[in-house]
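# Coordinate analysis (summary)
Residues per chain are reported as follows:
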Amino acid sequence: MDFQKLLLDVGKALSRDDIKALAFLCTDLLGRNSNSVESASDLFSRLEDQDRLSSEKPHLLKELLLTIKRHLLVRKLRLNDLATTSLISPYRKLLYNLSEEITDDLLREVKFLLNKDLPRRKLEDHVTTLEVFMEMEHLDVISDTNLDTLETIFQSVCPMLNGKIRQYKAQQVPNSNLIAQEMSRPRSSSFPSQTSPSLPRTGSIEMQAFPPLAICSMNSSSNTSVDLFHGGGECEALAQNMSSLHTEARRCVSLEEVKHYALEYSTSQENTNSSGKQTSQTTNTHTEGLGTYPMTSAKRGICLIINNYNFSESRVELKKREGTMIDEKCLQEVFEWLGFEVQTHRDCGKRKILSLVSELSTRDHSQMDCFVCCVLSHGLEGAVYGVDGQEVKLRELTDPFDGLNCPSLAEKPKLFFIQACQGSVEQRAVYIEADSGAPGRICSDAVRARDSIPSKADVLLGMATVPLFVSYRDKTNGAWFIQSLCRNLVQMVPRECDLVSIMTKVNADVSEKNAGSYKQMPQPSFSLRKKVVFPVPKSSPPNLRPELQVCSHNK
């Protein structure tokens, strides 16, 4: 479609309020008062004049439409395949999202409290929330570094809104973690050590989660890299890539901060490895310099469980996944105990899976703390199977919930647990077996590393096994990975352990199991910026099945 025709169609589909919202979001890009924008075509023309928008650079259009929650329009115009960007400042998005939460009654109260700060004509009934925010900016009452007045007002009229401001402030703390800033948006990712000999040059420092990584830092003045700990080839590869990132990343952390983080991380891992018990350094939720995601909402969030058992209609030869109903029951009981609204769907084809994901990503999660998705199915590298035998890429599951596609989940943890194989190779005892195809009680569900790593912020992806290998499911007692996850959540949440520590314990437990001469090693990877610590439930924990034996998901 001709790009100008596309812009025309977008303009026709937008309401006057939508256009005002887009103009407000583009204030920093246009460098002028957004109130002067008269129409969608006027806005798009200005953006084109400043080379912000063109047929070669359509990404801003997608970001704008997603920010104002016009997801259906994005799909209708086939903009889904465009790469997601962060061209709009987090501050501008914050103000817009706040305005969406302010009702007419609340706005009248806000205006009343601003009576001494703003001219009366700027507080008349017809003046919108965004226009009030613009006037507050013009008079230097608020700015991207000073939101005190707004916080004081919200404390009186709607304290809940201050939660969004606190999250924004936490995001803006400079050099608060080992992440370089690209396009004003923090990014991180975790890579499995066995599958990534070198890190991609993305303009962000990519972090490895498991096993512990020897951390390197870049000398900003000399373009050289420094080893903090002896890390062999992994550290050298990271150092080379960090050096190349010097000219690409907008901002990097200082060497001293890298040392502080590396020492803290190394010490906590040594304490964990030296004994079977969790130490205070791994379970303390108030570790200096490492925050915790807020878990204070009335609802913890939605937990989506997709449980595929019957593959009789599959175009690929896949066996029934015996034992998966036990996993479904345990997951439901545990996450309900943790305060989640659990939604379970069985035997879903590709279209149904994508429909469920799309519907949930368009919901308003602003009154929730996080989101959980559990998929129990057969798999291959980088994907899981629908019961129709069609592949669903892992990124098709995770991307709809990122900060751009689902703004109400921005800066909140998105947790994905995938019980499926990542291939058909069986891990030997060094000792393992797979979720893809052995007869008997033990079976496997087989997926692929480079496609299974979260590249967006605040995501944890817990895979049942490492790339290329199978995972095991006991036909009587359920999958090793899922059963260990449920059991450790029940045991460790009451001790206020964070989720990464819990996943490390899951790794340890599953790695000790045997299916004959075969073993299994789960692979958690994450781009979390803080600790995920679930509040201790007041109700008694669910009664889970005793220690299970082994089985892999058979293909």
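Right, let's walk through the structure included here. Predicted model, so just to flag it, every value in this text is computed and none were measured. (Residues numbered from 1 in each chain as written. Predicted model: local features only at pLDDT ≥ 70, side-chain atom pairs only at ≥ 80, totals over all residues. Heavy atoms only, no water.)

## Section: the overall build of the protein
- Broken down by element type, the protein carries 19 helices and 18 strands.
- In the protein, which comprises 555 residues, the proportion classed as buried is 56%.
- When the accessible surface of the protein is split by element, carbon and sulfur atoms take 48% of a total near 24200 Å². (Helix = DSSP H or I, 4+ residues; strand = E, 2+ residues; numbered from the N terminus. Buried < 20%, exposed > 50% of the residue type's maximum accessible area, 1.4 Å probe, protein only. Areas by Shrake-Rupley, 256 points an atom, 1.4 Å probe, with all protein chains shown as cover.)

## What about the sheet that holds strand β9 (residues 383–385)?
- The sheet built from 3 strands is open, its strands ordered β8-β9-β10 with antiparallel pairing. The open sheet has two edge strands, β8 (379–380) and β10 (391–393), and neither has a second partner.
- Note: β8 against β9, 2 bridges, orientation antiparallel. Bridge pairing in β9 links L380 to A383. (Pairing = 2+ DSSP bridges.)

## Notes on the nonpolar core
- L61, L65, L98, F133, M136, L150 and F154 are the most contacted members of the largest nonpolar core, which totals 61 residues.
- Take this core: its biggest share by element is 6 residues, from helix α2 (residues 16–25).
- Summarising the domain contributions, this core has at least three residues from each of domain 1 (1–88) and domain 2 (101–170). (Core = buried A, V, L, I, M, F, W, Y, C linked by side-chain atoms within 4.5 Å. Domains from an automatic or database assignment.)

## Details of the side chain of N162
- Examined against the element boundaries, N162 turns out to sit in helix α11 (residues 162–172).
- N162 gets classed as buried once you look at its relative accessible area, which sits at 3%.
- Contact partners of N162, with chain neighbours within four places excluded, come to L150, E151, F154 and Q155. (Contact = heavy atoms within 4.5 Å.)

## A word on the pairing of strand β7 (residues 368–376)
- Most of β7 is tucked away, with 9 of its 9 residues classed as buried.
- As judged from the 6 bridges shared by β7 and strand β11 (residues 414–419), these two strands associate in the parallel manner. Each bridged residue has a counterpart across the sheet, and for V375 the counterpart in β11 is I418.

## Here's the deal with the packing of aromatic side chains
- One pass over the full model with this rule turns up 7 aromatic pairs.
- With 4.2 Å between their ring centres and 20° between their planes, F371 and F401 make a pair best called stacked. Residue F371 is located in strand β7, and its partner F401 is located in the loop between α17 (394–398) and β11; the two are separated by 30 residues in the primary sequence.
- The interplanar angle of 65° and the centroid separation of 6.1 Å between the aromatic rings of F371 and F416 together place this pair among those described as edge-to-face. Separated by 45 residues along the polypeptide, F371 in strand β7 and F416 in strand β11 bring together distant segments of the chain. (Phe/Tyr/Trp six-rings, centres within 6.5 Å; stacked < 30°, edge-to-face > 60°.)

## Quick look at the packing of helix α7 (residues 90–101) against helix α9 (residues 129–138)
- Where α7 contacts α9, the axes come no closer than 9 Å and their chain directions differ by 140°. Considering their axes alone, α7 and α9 lie oblique with respect to each other. Where α7 crosses over α9, the two elements pack in a sense that is right-handed. Judged by residue contacts, Y91, R92, L95, Y96, L98 and S99 of α7 engage T129, L130, F133, M134 and E137 from α9. (Axes fitted to C-alpha atoms, helices over the stretch in contact; angles between N-to-C directions. Parallel < 35°, antiparallel > 145°, perpendicular 65-115°, else oblique. Left-handed = near helix turned anticlockwise from the far one by under 90°.)

## A few points about the sheet that holds β11
- Strand order in the open sheet formed by 6 strands is β6-β5-β7-β11-β14-β18, and the pairing between neighbours is mixed. Two strands lie at the open edges of the sheet, namely β6 (340–346) and β18 (523–526), each paired on one side alone. Each neighbouring strand pair of the sheet contributes to a mean axis angle of 10°, computed without reference to strand direction.
- This element, helix α15 (residues 324–337), spans β5 (299–307), β6, β7 and β11 of the sheet and lies at about 165° to β6.
- Sheet strands in contact with helix α19 (residues 499–511) are β11, β14 (459–463) and β18, and its direction is about 10° off that of β14.

## Notes on the pattern of salt bridges
- Taken as a whole, this structure holds 17 salt bridges when the rule is applied.
- Between D9 and K5 there is a salt bridge; the shortest N-O distance is 3.1 Å. With D9 and K5 both in helix α1 (residues 3–13) and 4 residues apart, the pair spans about one turn of that helix.
- Accessibility expressed as a relative area gives 41% for K5, which makes it partly exposed.
- Put simply, R529 and D458 hold a salt bridge, and the shortest N to O gap is 2.7 Å. Here R529 is found in the segment after β18, whereas its partner D458 is found in the loop between β13 (442–444) and β14, with 71 residues between them in sequence.
- A residue is classified by how much of its surface remains accessible, and D458, at 2% relative accessible area, is buried.
- Within the structure, one salt-bridge network assembled from shared partners comprises D28, R92 and E137. (Salt bridge = Lys/Arg side-chain N within 4 Å of Asp/Glu carboxyl O.)

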